[in-house]
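Understanding the architecture of this molecule
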Amino acid sequence: MTVILVMLFGNPSSGGSNGVAYLPAFWRDIGPFLPPRNAYILLRNTIYFDGHGITQALIVLLLYPVIAGAALGFLDWFRTPKLPVAPETEAEAAAVTVPIGAAP
């Protein structure tokens, strides 16, 4: 699913190979908020411009794990804890199991 999303939304929005000016309006508008364009800008500016102009790319790329961590923490807050298995329940479950290959 991730590969499909990156290929469908990431590559067209990056504008890396032919430039942002040639992108349709939709991709030009959402491209600055997607990781592929920011990764391209971060890599290009780090290599060719000695790291100048990488602040926005770093902020956008670092926001993705922060937002994902906050969402996972929020969902974990609503998760019901697993009930511990009592020794009596474990003994009853072991009593009704049949080993594989046992004769009837």
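Residues numbered from 1 in each chain as written. Predicted model: local features only at pLDDT ≥ 70, side-chain atom pairs only at ≥ 80, totals over all residues. Heavy atoms only, no water.

Here's the deal with the overall build of the protein
- Across its full length, the protein holds five helices and zero strands.
- When the helices and strands of the protein are read in sequence order from the N terminus, they spell out α-α-α-α-α.
- Taking all 104 residues of the protein together, 12% fall into the buried category.
- Taking the intrachain contacts of the protein between residues at least 6 apart in sequence as the baseline, contacts between residues at least 24 apart amount to 23%.
- Within the structure as shown, the protein displays about 8,600 Å² of accessible surface, and the carbon and sulfur contribution to it stands at 72%. (Helix = DSSP H or I, 4+ residues; strand = E, 2+ residues; numbered from the N terminus. Buried < 20%, exposed > 50% of the residue type's maximum accessible area, 1.4 Å probe, protein only. Contact = heavy atoms within 4.5 Å. Areas by Shrake-Rupley, 256 points an atom, 1.4 Å probe, with all protein chains shown as cover.)

A look at the environment of Pro35
- Assignment of secondary structure puts Pro35 in helix H3 (residues 35–48).
- The class for Pro35 is partly exposed, based on a relative accessible area of 30%.
- Residues Pro35 and Leu58, spaced 23 residues apart in sequence, show a C-alpha to C-alpha distance of 9.8 Å.
- In this view, Pro35 contacts Leu61 and Tyr64; residues no more than four positions away in its chain are not counted.

Describing the packing of aromatic side chains
- A complete count under the given rule lists three aromatic pairs for this structure.
- Pairing Phe74 with Phe78 gives two aromatic rings, centres 5.0 Å apart and planes at 85 degrees, and the pair type is edge-to-face.
- With a relative accessible area of 46%, Phe74 lands in the partly exposed category.
- Take Phe78: its relative accessible area is 55%, and that puts it in the exposed class.
- Aromatic side chains Trp77 and Phe78 sit 5.3 Å apart centroid to centroid with 45 degrees between the ring planes, which places their arrangement in the tilted category. One exposure class covers both Trp77 and Phe78, and it is exposed.
- Aromatic rings pair up to connect Phe74, Trp77 and Phe78 into one cluster. (Phe/Tyr/Trp six-rings, centres within 6.5 Å; stacked < 30°, edge-to-face > 60°.)

Scope: geometric values only; no functional claims are made or implied.
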